[in-house]
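Each chain, letter by letter, is given below.
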Amino acid sequence: MKRKSWLLVIVCIVFSVVNLMRNPKEESSAANTPSATYVALGDSIAAGYGLEGYQEGVGVKAPATSYQAILTKKLNAISVNDAITGITSDMLLEALNAGNYDKELLEATYVTISIGANDILTVFQEELCSVLGSNGVVGQELLANFQQSFQGKSFGEIATLLENIQKCFNNNEKLFAEAERFHDKLGTIVKLVRQKAPNADIYVNNIYNPYDGIDNPLLPLGKMAEPYIRTLNEAFNKYFQDYTLIDVYSIFKNTVYVNANFSLFHLDQLNLDPHPNENGHKVIAALCESAIKNNVPKAVHLSRATAGKGKIKVKIKTDEKSDGLQIRCVNLNDDKNEVIVNTNKKGYTVKSDELKKGQTYKVTVYSYRQQGERKVFSKCSNVILVKVK
């Protein structure tokens with residue numbers, strides 16, 4: 001007896017020493033190992049254009065203050081940056097059909113898509129060029145030409161130019177046509193991403209008005225852009241299946257979230273940049289994180305579990321609106337002896353030849369939501385042990 005006691009003491013001492021010798025950095029590293037893969041598809045908004053650390057190109061690391069990088073950290077995920085500055089829905093469709101993103105999408109846990117704004121931005125720039133007579137130059141050159149158009153002109157000449165710009169963008173048929181064409185393209189994009197990322201949750205940003213609130217009486221940019229933005233966003237209401245909408249439009253009704261700034265009295269400080277600033281990216285990241293958390297159903301309560309001959313009867317309490325419930329019965333003495341059933345009923349009897357007489361089973365329940373071919377499960381319910389008769 002004494003010998004056994006001494007052996008037990010020695011075992012305890014060895015176990016303690018081994019624990020003390022563990023490298024805390026290794027444990028911390030294991031705890032921080034990414035558990036998911038996050039793929040960011042889309043345009044310059046997703047790429048973090050204009051932020052410190054921004055680099056152009058597919059696969060480069062997104063800026064630390066971009067919503068992509070913030071969300072990656074929150075999700076403890078591996079990030080794949082497939083966002084491309086200037087990409088339109090046609091270009092994204094072409095890349096998807098070419099299989100450019102197949103590998104990462106197949107492995108994806110989460111996918112975000114930011115697309116559509118460039119579809120009308122290209123037309124907008126072309127139309128503005130025609131008014132300014134700037135020979136089709138775009139981007140920063142177009143901005144410079146816009147500023148120069150006002151220099152050395154009288155107030156009356158400036159007023160006439162601004163009036164011509166307003167006329168150009170009032171019920172512009174080209175802009176409406178391009179915004180409406182986006183509808184079917186969005187549906188195809190979501191369908192392709194769902195096919196290529198069968199196990200992923202998909203989140204799609206709608207389009208915000210970057211000039212909301214910038215409504216100088218002589219050039220009401222926000223009001224001018226609004227009809228076309230709304231037409232674009234009708235697509236997200238039309239094709240809402242297979243993804244979760246991130247409503248950036250509603251929350252961005254405040255110009256503090258974008259870089260744009262416009263004043264006729266300070267044309268040297270003119271900034272028509274429609275991209276989100278750091279605060280805007282924080283807001284988008286928070287919206288995505290909240291949507292991801294809400295996509296995970298709440299845990300249910302297992303009210304009762306009783307055993308009979310070759311069966312286990314369960315009673316489940318839940319107010320959760322999920323796609324189904326999964327009951328798991330695991331043999332305490334043999335975890336390979338497991339019976340799993342899916343149901344929509346709160347009261348259910350599990351019947352199976354695998355339920356062995358005289359064996360005790362651990363009964364748990366999970367609610368789940370169906371995401372394509374993948375089930376997103378809640379946390380485990382409480383546990384009830386039952387012995388099969």
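Above this text you will find the structure in question.
The following paragraphs examine the structure supplied in this document. Because the structure is predicted, anything quoted here is derived from the model rather than measured.

1. With respect to the sheet that holds strand β12 (residues 347–351)
Neighbouring strands of a sheet are bound in pairs by backbone hydrogen bonds; such pairs are parallel or else antiparallel.
Inference 1: Taken together, three strands build an open sheet; the order of strands is β8-β9-β12 and the sheet is antiparallel. Bordering the open sheet on either side are β8 (301–308) and β12, each of which pairs with just one other strand. Direction aside, the axes of adjacent strands within the sheet are offset by 20° on average.

2. A short note on the side chain of Asp82
Inference 1: Residue position: Asp82 is located in strand β2 (residues 77–83).
Inference 2: When neighbours within four sequence positions are excluded, Asp82 is seen to be in contact with Val39, Ala40, Leu41, Gly42, Val58, Tyr101 and Glu104.

3. What to know about the packing of helix α4 (residues 67–75) against helix α13 (residues 278–295)
Inference 1: In the contact formed by α4 and α13, the axes pass within 8 Å of each other and the chain directions differ by 35°. Of the two possible hands of crossing, α4 and α13 adopt the one that is right-handed. Of the residues in α13, those touching α4 at Tyr67, Ile70, Leu71, Lys74 and Leu75 are His281, Lys282, Ile284, Ala285, Cys288, Glu289 and Ile292.
Inference 2: Its residues assigned to classes, the contact of α4 with α13 comprises eight nonpolar, one polar and three charged.

4. Focus on a positive patch on the surface
Inference 1: Residues Arg304, Lys311, Lys313, Lys315, Lys346 and Lys351 make up a contiguous surface patch of positive charge.
Inference 2: The element contributing the most residues to the positive patch is strand β9 (residues 311–317), with three residues.
Inference 3: Its place among the elements puts Lys351 in strand β12.
Inference 4: Look at Lys351 and you get exposed, because its relative accessible area is 63%.

5. Considering the packing of aromatic side chains
Inference 1: Enumeration according to the criterion identifies eight aromatic pairs in this entry.
Inference 2: Taken together, the aromatic side chains of Tyr208, Phe252 and Tyr257 make up a single cluster linked through ring pairs.
Inference 3: A cation over a ring is seen here: Arg328 above Tyr366, with NZ or CZ 3.9 Å from the ring centre.
Inference 4: The ring of Phe377 has Arg328 sitting right over it, with the charged end atom 5.1 Å from the ring centre.

Cut-offs applied
- Residues numbered from 1 in each chain as written.
- Predicted model: local features only at pLDDT ≥ 70, side-chain atom pairs only at ≥ 80, totals over all residues.
- Heavy atoms only, no water.
- Pairing = 2+ DSSP bridges.
- Helix = DSSP H or I, 4+ residues; strand = E, 2+ residues; numbered from the N terminus.
- Axes fitted to C-alpha atoms, helices over the stretch in contact; angles between N-to-C directions.
- Contact = heavy atoms within 4.5 Å.
- Left-handed = near helix turned anticlockwise from the far one by under 90°.
- Nonpolar A, V, L, I, M, F, W, Y, C, P; charged D, E, K, R; others polar.
- Patch = residues over 30% accessible without salt bridge, like charges linked within 9 Å, V, L, I, M, F, W, Y side chains within 5 Å.
- Areas by Shrake-Rupley, 256 points an atom, 1.4 Å probe, with all protein chains shown as cover.
- Salt bridge = Lys/Arg side-chain N within 4 Å of Asp/Glu carboxyl O.
- Lys, Arg positive; Asp, Glu negative; His and termini not counted.
- Charge placed at Lys NZ, Arg CZ, Asp CG, Glu CD.
- Buried < 20%, exposed > 50% of the residue type's maximum accessible area, 1.4 Å probe, protein only.
- Phe/Tyr/Trp six-rings, centres within 6.5 Å; stacked < 30°, edge-to-face > 60°.
- Lys NZ or Arg CZ within 6 Å of the ring centre and 35° of its normal.

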